[in-house]
Amino acid sequence: QVELVESGGGLVQAGGSLRLSCAASGRTGSRNAMGWFRRAEGKEREFVAAISRSGATTYYADSVKDRFTISRDNAKNTVYLQMNSLKPEDTAVYYCAARISQFSLATMDSTQYSYWGQGTQVTVSS
């Protein structure tokens with residue numbers, strides 16, 4: 001079992017930055033490939049970014065590429081999402097997710113993630 005707790009959300013003006021954190025605890029700790037997803041009001045959940053267990057491989061949605069950066073600190077069992085040049089359309093609840101430890105690769109497929117955090121709200125004002 002892995003527990004995930006997101007933090008770092010808030011209200012920011014367009015063009016600003018936020019850094020989200022996802023702290024993982026439990027048996028597997030840092031041994032999970034991780035992802036960030038988001039759900040805007042009235043919309044389906046969508047993929048944002050993913051990182052492999054080692055951190056060597058990352059994937060991004062086209063809508064955030066070159067603006068967002070996913071990273072991890074395995075010593076702290078924490079994954080980060082640095083969000084720059086934020087736009088109003090980035091407004092959503094952001095969720096951290098973890099694959100089970102047997103799978104080290106990152107993926108954009110939300111059905112491949114077994115553990116989910118409660119989410120953190122990001123609001124970007126125009």
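Colleague: Give a description of the environment of Ser 25 that names residues and reports values.
Modeller: Within the secondary structure, Ser 25 is located in strand S3 (residues 18-26). Residues Ser 25 and Tyr 95, spaced 70 residues apart in sequence, show a C-alpha to C-alpha distance of 16 Å. When neighbours within four sequence positions are excluded, Ser 25 is seen to be in contact with Gln 1, Val 2 and Glu 3.

Colleague: Explain the pattern of salt bridges residue by residue, including any values.
Modeller: Between side chains of opposite charge, a pair can form when the charged atoms approach closely. All chains considered together, the criterion is met by 4 salt bridges. Across the salt bridge formed by Glu 46 and Arg 38, the nearest N and O atoms sit 2.6 Å from each other. For Arg 38, a relative accessible area of 5% corresponds to the buried category. Here Arg 67 makes a salt bridge to Asp 90, at a shortest N to O gap of 2.8 Å. Of this pair, Arg 67 sits in the loop between strand S6 (58-60) and strand S7 (68-73) while Asp 90 sits in the loop between strand S8 (78-83) and strand S9 (92-98), and the two are 23 residues apart along the sequence. Look at Arg 67 and you get buried, because its relative accessible area is 11%. What emerges from the salt-bridge pattern is a single network uniting Arg 38, Glu 46, Arg 67 and Asp 90.

Colleague: Provide a residue-level description of unusual backbone geometry, including the pertinent values.
Modeller: One non-glycine residue, Asp 66, adopts positive backbone phi at about 75°. Note that Asp 66 resides in the loop between S6 and S7. If you check the backbone angles, Asn 77 has positive phi at about 55° while not being a glycine. Mapped onto the fold, Asn 77 is located in the loop between S7 and S8.

Colleague: Mind laying out the packing of aromatic side chains, listing which residues take part and the relevant values?
Modeller: By the definition in use, this model includes 4 aromatic pairs. Measuring from ring centre to ring centre gives 5.7 Å for Phe 37 and Phe 47, while their planes differ by 70°; the resulting arrangement is edge-to-face. With a gap of 10 residues between them, Phe 37 in strand S4 (residues 34-39) and Phe 47 in strand S5 (residues 46-51) connect regions that are remote in the sequence. Look at Phe 37 and you get buried, because its relative accessible area is 1%. Aromatic side chains Phe 37 and Trp 116 sit 5.1 Å apart centroid to centroid with 55° between the ring planes, which places their arrangement in the tilted category. A residue pair is termed long-range when its members are at least 10 positions apart, and Phe 37 in strand S4 and Trp 116 in strand S10 (residues 115-116) qualify at 79 residues. Here Trp 116 falls in the partly exposed class, since its relative accessible area comes to 26%.

About the thresholds
Residues numbered from 1 in each chain as written. Predicted model: local features only at pLDDT ≥ 70, side-chain atom pairs only at ≥ 80, totals over all residues. Heavy atoms only, no water. Helix = DSSP H or I, 4+ residues; strand = E, 2+ residues; numbered from the N terminus. Contact = heavy atoms within 4.5 Å. Salt bridge = Lys/Arg side-chain N within 4 Å of Asp/Glu carboxyl O. Buried < 20%, exposed > 50% of the residue type's maximum accessible area, 1.4 Å probe, protein only. Phe/Tyr/Trp six-rings, centres within 6.5 Å; stacked < 30°, edge-to-face > 60°.

Scope: geometric values only; no functional claims are made or implied.
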